[in-house]
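Structure assessment
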Amino acid sequence: MSKMHAILIKDGHGPIENLYIGETDKPVPTKGEVLVKIVAFGLNRMDHYQRQGGYPIPPGASSILGVEFSGRVTELGEGVTRWAVGDEVFGLAGGGAYAEFINCDEGLLLKKPGHLSWVEAASIPENYITAYQALVKYGEVKKGDHVLVHAGASGVGIAAIQIARELGAATVTATASTAEKLNWLRSIPNGATHTVNYRTEDFAAEVKKTTNGKGVDVVIDFVGQSHWAKNVESLAIDGRMTILATMSGNEVSTVNLGPILYKRLRIQGSTLRSRSLQYQTELITSFRDIIDKVTGVNGGGPIRTYIHKVYPWTEIQSAHHEMADNKNSGKIIVEVR
């Protein structure tokens, strides 16, 4: 088997300083798979947890970090009909994107539109498909709904805000921890209609004011324990909440089940990486209705992807420090060069 370079982790897991560029086996596409030469890949919070040894890898996935990328098709596995060598694509994977080459099922790829750069395309799959899943598949957002998005300046948060606005949400309230992030979220096209600093303000009280006492129809949450009670308080009758992460902790010491019952709340936990291939393929197929609306920051589209900073992969440690320090408003991208 031929070799390639990839970002590896000394001792298998550990601190940021354990990341390095090393040599490993180049993957060979099997039936239904496509080999892609990667141009750029996106950083995600799960990469941070996996590097530390705290995120289980889905069965059969590469142990190399990274779940989203852009690049060119270089080889086709048996039976592949959707793609040809030379096609420009971007997509999702269970792992392996921090590398020169990646194997990917043909159903998990999307054609890279000409109006998106390689960097912009690499910033879309994980964040925008996750946001679409949370809002549309589970949140069932519709025109006139009120939406609350936590971690508003995160990649998924920014995507969720814009998709909700494009789908006709009456209000979209975003939470974040600094005035700079909140001001930016209100300033972008199709950005948040309202913002709340969750450290200094009561977001449940604020959304009640915003919605004239009704509460929000949809909550997208990444925080978990510390936000649980106020999330339930924030929800309107028949409200829906999708929990995508539990950054503040998994356990809530006391839970009042009454509001869940009497407000007929629907609370859905969701991950994307561990989903079946069939589920992910079907989700990506439905997401194609959205992709033509996504442009770069200067593209003029109703949904835009925002890049915080681009690093060469020789500076992968600096990129991970930027993410770990929570400095980004928008996506951190790494170019394979």
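An account of the accompanying structure is given in this report. Fair warning: this is a prediction, and the values are worked out from it, not measured in the lab.

A closer look at the packing of aromatic side chains
- Under the definition given, this model contains three aromatic pairs.
- For the pair Tyr132 and Phe287, a centre-to-centre distance of 5.7 Å together with 75° between the ring planes defines the contact as edge-to-face. Within this pair, whereas Tyr132 is found in helix H3 (residues 125-138), its partner Phe287 is found in helix H9 (residues 277-291), the two being separated by 155 residues in sequence.
- With relative accessibility at 0%, the residue Phe287 sits in the buried group.
- Across the ring face of Phe101, the terminal group of Lys37 is positioned such that the distance to the ring centre comes to 5.7 Å.

Observations regarding helix H4 (residues 155-166)
- Here H4 spans 17 Å end to end across twelve residues, near enough to the 16 Å set by a 1.5 Å rise per residue.
- Counted residue by residue, H4 has ten buried out of twelve residues, so it is predominantly covered.
- Listed as buried for H4 are Gly155, Val156, Gly157, Ile158, Ala159, Ala160, Ile161, Gln162, Ile163 and Ala164.
- Just past H4, the residue Gly168 takes up positive phi, approximately 100°.

Side note on H9
- Helix length check: H9, at 15 residues, gives a terminal C-alpha distance of 20 Å against a target of 21 Å (1.5 Å per residue), a fit within 8%.
- A bend of about 25° at Thr285 is the largest found in H9.
- Turning to H9, its buried residues number three or more, namely Tyr279, Gln280, Thr281, Leu283, Ile284, Phe287, Ile290 and Ile291.
- Packing partners of the buried residues in H9 comprise strand S5 (88-92), strand S6 (101-105), strand S7 (109-111), H3, strand S14 (294-295) and strand S15 (303-304).

Regarding the pattern of salt bridges
- Tallied over the full model, the rule gives eleven salt bridges.
- Across the pair Lys142 and Asp145 runs a salt bridge whose closest N-O atoms are separated by 3.2 Å.
- Lys142 sits in the partly exposed class, given a relative accessible area of 46%.
- Ionic contacts of the salt-bridge type, sharing partners, join the residues Lys142, Asp145 and Arg240 into one network.

Some details on the nonpolar core
- Of all hydrophobic cores here, the largest spans 81 residues; its most connected members are Phe41, Leu43, Phe69, Leu135, Val147, Phe287 and Ile316.
- When sequence neighbours within four positions are dropped, the list of residues in contact with Leu43 reads Glu68, Tyr98, Ile316, Ala319, His320, Met323, Lys331, Ile332 and Val334.

Looking at the environment of Phe69
- Along the chain, Phe69 falls in strand S4 (residues 68-76).
- Considering only alpha carbons, one finds Phe69 and Gly91, 22 residues apart in sequence, at a separation of 5.8 Å.

Section: the environment of Ile237
- Secondary-structure assignment places Ile237 in strand S12 (residues 235-243).
- Overall, the relative accessible area of 46% leaves Ile237 in the partly exposed class.
- In sequence terms Ile237 and Gly32 are 205 residues apart; their C-alpha atoms lie 45 Å from each other.
- Excluding anything up to four places from it in sequence, Ile237 contacts Tyr262, Lys263 and Arg264.

Conventions and cut-offs
Residues numbered from 1 in each chain as written. Predicted model: local features only at pLDDT ≥ 70, side-chain atom pairs only at ≥ 80, totals over all residues. Heavy atoms only, no water. Phe/Tyr/Trp six-rings, centres within 6.5 Å; stacked < 30°, edge-to-face > 60°. Helix = DSSP H or I, 4+ residues; strand = E, 2+ residues; numbered from the N terminus. Buried < 20%, exposed > 50% of the residue type's maximum accessible area, 1.4 Å probe, protein only. Lys NZ or Arg CZ within 6 Å of the ring centre and 35° of its normal. Expected span 1.5 Å × (residues − 1). Bend = angle between axes of the 7 residues up to and from the residue. Contact = heavy atoms within 4.5 Å. Salt bridge = Lys/Arg side-chain N within 4 Å of Asp/Glu carboxyl O. Core = buried A, V, L, I, M, F, W, Y, C linked by side-chain atoms within 4.5 Å.

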